[in-house]
Amino acid sequence: MKKLAANGIKPHDAEMRADGQKFSLMEKLLLGLTLDQYVQQVIRNKFNWILALIFAVGIPLIIYRFIFGLGVVTHSSYDYPWGLFLGFGLFCMVPLSASGFMLGTTVEIFGRHDFEPIERLALLNGLLGYFFAVVYLLVDLGQPWRLAYPMVYSFGPAAVLFLVGWHVATYLSVQVAEVSTAFFEWIGFRRGYEFIRKGTIGLTVSGIILSTLHQGALGALFVYAPGKVHPLWYSAPFQWIHFFVSSIPAGLCMVICVSTVVIYTMKWRCDQRFIDSLDRITISLAKGASMGLFTYLVIKFLAVAHDNEWAYLATGWGAWWLFEIFFGVILALLVLGVGIHHKSVALCRLGALITVLGILLNRLNTALIAFNWNLYPEIPHIFEVIISITIFAIYIATYRFILNRLPILYQFKNRAEA
Amino acid sequence: MSKITRRKFLAGSMAGGAAIAMAPTKKAFGANLEGFPDGMGVLVDMTRCVGCRSCEAACNKEQNLPEPNKSFDDFSVFDEIKHGEKRRPTEKAYTVVNRYEPEGSEPVYRKIQCNHCNEPACLTSCFVNAYTKTPEGAVIYNDKVCVGCRNCMIACPFSIPAYSYSSAINPIIKKCIFCYDTRLKNGQTPACVEACPQQVMVFGKRKELIKIAHDRIRRSPGKYVDQVYGEKEVGGTGWLYLSGVPFQQAGFNVSLPSEPIINNVKDFLAIVPMVLAIWPALFTGFHLLATKGKSHGHGDDHSHDGQEEH
Ligand code: SF4
Ligand code: SF4
Ligand code: SF4
């Protein structure tokens with residue numbers, strides 16, 4: 001795309017051409033390039049080759065899993081019923097996608113319109129993260145075609161997972177509605193756009209409710225397993241608060257990370273407003289994230305104190321727990337703090353990356369590593385790893401496909417410049 | 001509060017809506033339960049078990065399970081160690097007998113199967129309500145609704161449910177069902193209990209079994225450790241154990257809480273109706289405060305700037 005831009009070709013970004021005619025759908029899909037130009041730039045991009053390679057290996061494996069069952073791609077463990085698909089796909093993707101409701105709240109509820117340039121990116125990040133969490137779930141469920149059973153057929157309303165199911169489903173629709181404004185603009189459906197805009201406050205508030213509950217509920221799921229989850233990662237009264245509070249910096253930092261990738265690899269797609277405000281917004285987001293992280297740090301230790309688990313800190317598991325805290329929370333806080341203080345965007349971005357890794361580590365610890373701590377450690381089956389990576393690659397490809405087209409990083413114009 | 005109403009009560013609070021009106025109190029969750037008063041159970045006296053595996057064979061036949069890799073008179077299974085652990089119930093065996101060698105004592109044998117908890121964690125964790133605790137005391141499972149999330153396997157404190165991973169189109173949970181369909185429903189003794197040549201197991205009302213167990217301990221105090229495993233664990237279980245060696249040495253998990261597993265979740269369940277009730281008002285309020293006096297419309301957002309530039 002960079003090369004094309006150098007030749008004076010502008011990507012599609014408006015409802016009508018300079019001459020007042022509407023763009024056709026095909027033109028929109030091809031970003032306003034000709035088919036040749038489009039195909040060439042796809043091939044030129046090295047990253048597409050990596051994706052193609054991953055898909056070539058991973059997609060047949062996914063098909064293989066559905067033909068022959070979970071048994072052929074996992075270790076079929078009775079002791080570790082939840083492997084990477086849920087440990088990573090559900091428990092990591094969902095907190096990293098808390099961005100939608102965080103920025104929705106900031107902009108729409110608190111009226112901080114200075115965050116607006118990144119609001120849509122945050123909403124999209126939320127939507128895609130949840131959507132792909134459900135994709136991971138579908139791969140993991142024994143009978144995925146029964147996914148809707150808890151909604152329509154057989155109810156287990158006293159189960160935490162029942163709440164997670166309902167909330168993720170409802171929240172997904174809320175997010176679809178929120179992101180649809182961008183789609184309606186792009187497709188040229190004004191009325192739909194305006195209809196949704198009117199309901200924004202309602203959508204945002206329901207987003208907050210649903211997010212508070214299901215982010216917490218993911219933590220509460222592990223409360224069913226006292227004795228299986230290591231006591232340092234287990235806390236009956238605090239687990240849901242830990243998961244909820246940590247989802248705040250997780251979501252914000254994920255947006256910082258994504259926007260960083262975007263500004264370095266897709267700058268052609270960002271408009272001036274986005275480019276100019278990104279540094280300021282990154283630092284503000286980092287501030288929000290560090291407040292969330294600090295709260296998280298405090299309540300993590302509160303939980304240890306509450307259950308009086310100090311003695312565990314002296315064990316090997318304690319060292320691992322301290323590593324998680326020192327690396328994922330304290331180091332992240334320090335880097336973010338210095339970054340904010342010196343207004344260094346680079347440091348804020350580094351801090352955000354550390355935060356994201358720290359949250360990943362925490363969720364994987366709870367779901368897999370410190371789970372069954374008094375049994376053997378489960379190393380996921382190689383096919384399970386490949387499938388997880390493949391789904392993540394599909395996630396990235398979809399993400400990029402949408403960013404390339406819909407007015408997420410740029411504002412949709414009425415008419416293209418000549 | 002009876003067990004049923006309490007479970008219904010929890011259901012209400014999770015479903016939201018109606019539950020807001022009856023905000024749950026601590027007491028509602030905390031009550032200790034006795035299960036169905038006439039629920040049946042089995043008392044397993046491990047001091048009598050010789051590890052003949054007849055119960056395993058009987059269960060295999062009764063439940064139409066596939067033929068095992070090693071026949072039921074092959075005792076090398078006692079030496080099997082997988083991932084550092086002895087055998088556990090699987091999709092092909094609802095019950096297994098393991099041998100333990102406590103220091104300074106004869107080997108002891110322990111039969112493992114679903115303990116048919118009074119307040120089953122598997123049941124309370126299942127989001128499609130696939131499990132039922134029957135008035136007879138069995139915890140049974142409905143494979144027609146199971147989605148295969150395997151949350152019950154996470155939740156069961158005894159690591160009992162197994163899953164038929166190998167099936168692509170109809171994988172289901174496999175676990176001991178107390179011979180409910182074929183026997184318990186008609187008041188008959190479970191197959192494994194009946195098959196035991198040593199009378200290790202007594203089938204009866206749970207209430208009475210607890211009395212019998214304590215009686216035995218009282219009459220031969222040197223023979224038993226003074227504990228009936230399952231009387232208190234996770235709210236009490238239908239299957240109860242007597243042992244001559246400390247339970248720990250026979251591979252039992254002795255760190256289980258005496259409260260039902262679901263009680264751990266009550267802190268979270270309690271906040272659900274609160275969030276549902278308070279959040280909308282709170283955040284709408286924030287919104288009004290934060291945007292008071294400012295232009296309220298969204299003319300400043302993504303839509304119409306293009307026009308201004310031209
Ligand atoms: S032992 Fe496990 S599977 Fe059996 S009833 Fe109790 S929780 Fe359920
Ligand atoms: S695996 Fe089946 S029975 Fe177990 S919790 Fe999930 S839906 Fe319920
Ligand atoms: S009660 Fe029935 S299903 Fe359970 S272990 Fe005994 S024979 Fe098997």
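Residues numbered from 1 in each chain as written. Chains lettered and ligands numbered in written order. Predicted model: local features only at pLDDT ≥ 70, side-chain atom pairs only at ≥ 80, totals over all residues. Heavy atoms only, no water.

Focus on the overall build of chain B
Looking only at helices and strands, one finds nine helices and nine strands in chain B. A total of 310 residues make up chain B; the buried ones form 54% of that total. Partitioning the contacts of chain B with sequence separation of at least 6, the portion at a separation of at least 24 is 61%. Per element, the accessible surface of chain B, about 13,900 Å² overall, is 54% carbon and sulfur. (Helix = DSSP H or I, 4+ residues; strand = E, 2+ residues; numbered from the N terminus. Buried < 20%, exposed > 50% of the residue type's maximum accessible area, 1.4 Å probe, protein only. Contact = heavy atoms within 4.5 Å. Areas by Shrake-Rupley, 256 points an atom, 1.4 Å probe, with all protein chains shown as cover.)

Some words on the overall build of chain A
Each helix and strand in chain A was counted, giving 17 helices and two strands. The principal-axis extents of the C-alpha atoms in chain A amount to approximately 70 × 55 × 40 Å. Sequence-distant contacts in chain A: of pairs separated by 6 or more residues, those separated by 24 or more amount to 81%. Element-wise, carbon and sulfur atoms account for 72% of the exposed surface of chain A, whose accessible area totals about 16,000 Å².

Some details on the pattern of salt bridges
Between side chains of opposite charge, pairing is possible as soon as their charged atoms come close. With the rule as written, the count across this model stands at 17 salt bridges over all chains. Note that A:Asp140 and B:Arg150 form a salt bridge whose closest N and O atoms lie 2.9 Å from each other. In this pair, A:Asp140 is assigned in helix α8 (residues 116-140) and B:Arg150 in the loop between β5 (139-141) and α5 (151-155), connecting two distinct chains. Between B:Lys144 and B:Asp143 there is a salt bridge, with the nearest N and O atoms lying 3.2 Å from each other. (Salt bridge = Lys/Arg side-chain N within 4 Å of Asp/Glu carboxyl O.)

Things to note about α8(A)
Helix length check: α8(A), at 25 residues, gives a terminal C-alpha distance of 37 Å against a target of 36 Å (1.5 Å per residue), a fit within 8%. Burial analysis of α8(A) places 21 of its 25 residues in the buried class, the great majority of the element. (Expected span 1.5 Å × (residues − 1).)

Let's talk about the environment of A:Ile396
Mapped onto the fold, A:Ile396 is located in helix α17 (residues 382-405). Taking the C-alpha atoms as reference, A:Ile396 lies 9.0 Å from A:Leu51; in sequence the two are 345 residues apart.

Focus: the environment of A:Phe184
All names here are of chain A. Inspection of the secondary structure puts Phe-184 in helix α10 (residues 160-187). In sequence terms Phe-184 and Thr-204 are 20 residues apart; their C-alpha atoms lie 18 Å from each other. In this view, Phe-184 contacts Phe-189, Gly-192, Tyr-193 and Ile-196; residues no more than four positions away in its chain are not counted.

Considering the interface of chain B and chain A
Contacts between the two partners involve 70 residues from chain B and, on the opposite side, 76 residues from chain A. In total, about 6,500 Å² of surface goes out of reach between chain B and chain A, with carbon and sulfur atoms giving 62% of it. Linking chain B to chain A there are 23 residue pairs in polar contact (both at pLDDT 80 or more). Mapped onto the side of chain B that touches chain A, the elements with two or more residues apiece are α1 (3-15), α4 (121-125), α5, β6 (162-163), α8 (266-291) and α9 (305-309) of chain B. The leading source of residues in the side of chain B that touches chain A is α8(B), at 14 residues. (Buried area = accessible area lost by both parts, 1.4 Å probe. Polar contact = N/O pair within 3.5 Å; in protein donor to acceptor, adjacent residues only side chain to side chain.)

So, the site of ligand 1
Inspection of the region around ligand 1 gives 14 residues, with B:Cys114, B:Asn115, B:Cys117, B:Cys122 and B:Cys156 positioned closest. Of the residues that constitute the shell around ligand 1, the class distribution is eleven nonpolar, two polar and one charged. (Near = heavy atom within 4 Å. Nonpolar A, V, L, I, M, F, W, Y, C, P; charged D, E, K, R; others polar.)

Describing the packing of aromatic side chains
All names here are of chain A. Inspection of the entire model under this criterion finds 42 aromatic pairs over all chains. Taken together, a centroid distance of 5.6 Å and an interplanar angle of 10° make the contact between Phe-323 and Phe-327 stacked. On the criterion of helical spacing, the pair formed by Phe-323 and Phe-327 is a turn pair, its members being four residues apart in helix α15 (residues 316-341). Note on Phe-327: relative accessible area 24%, which makes it partly exposed. (Phe/Tyr/Trp six-rings, centres within 6.5 Å; stacked < 30°, edge-to-face > 60°.)

Some thoughts on a nonpolar patch on the surface
A cluster of nonpolar side chains, A:Ile59, A:Ile63, A:Tyr64, A:Ile67 and A:Phe68, forms an exposed patch at the surface whose accessible area comes to about 460 Å². Tracing the sequence through the fold places A:Phe68 in helix α4 (residues 46-68). (Patch = residues over 30% accessible without salt bridge, like charges linked within 9 Å, V, L, I, M, F, W, Y side chains within 5 Å.)

What about the pairing of strand β3 (residues 108-112) of chain B?
Residue and element names in this part refer to chain B. Most of β3 sits inside the fold, with five of its five residues counted as buried. Taking every second residue as pointing to the same face, both faces of β3 are buried, with Val-108, Arg-110 and Ile-112 on one and Tyr-109 and Lys-111 on the other. Of the strand pairs in this sheet, strand β2 (residues 96-100) and β3 are connected by five bridges, and their pairing is antiparallel. Looking across to β3, one finds that Tyr-100 is bridged to Val-108. (Pairing = 2+ DSSP bridges.)

With respect to the side chain of A:Asp140
Residue classification places A:Asp140 among the buried residues on the basis of a relative accessible area of 2%. Engagement of the side chain of A:Asp140 in a polar contact is seen with the side chain of B:Arg150, the distance being 2.9 Å.

Brief notes about the sheet that holds strand β9 (residues 239-242) of chain B
Residue and element names in this part refer to chain B. Overall, mixed pairing links the three strands, which are arranged β8-β1-β9 in an open sheet. The two strands at the open ends of the sheet, each matched to only one other strand, are β8 (201-205) and β9. Strand-to-strand twist of the sheet, defined as the mean angle between neighbouring strand axes without regard to direction, takes the value 25°. Taken together, the five bridges between strand β1 (residues 40-45) and β8 define a ladder with antiparallel strand orientation. Residue pairing across strands places Gly-41 opposite Gly-204, the latter belonging to β8. (Axes fitted to C-alpha atoms, helices over the stretch in contact; angles between N-to-C directions.)

A look at the confidence of the model for chain B
Residues and elements named next belong to chain B. Mean pLDDT over chain B: 81, with 83% of residues reaching 70 or higher. Looking at the elements of chain B, mean pLDDT is at its lowest for α9, recorded as 34, and at its highest for β9, recorded as 94. Across residues 1-33, where pLDDT falls below 50, the model places 65 contacts with residues more than four positions away in sequence or in other chains. Taken together, the stretch residues 296-310 has pLDDT below 50 and engages in 32 contacts with residues farther than four places along the chain or on a different chain. Model confidence for the complex is summarised by a pTM of 0.86, with the ipTM given as 0.84. (pLDDT = per-residue confidence, 0-100.)

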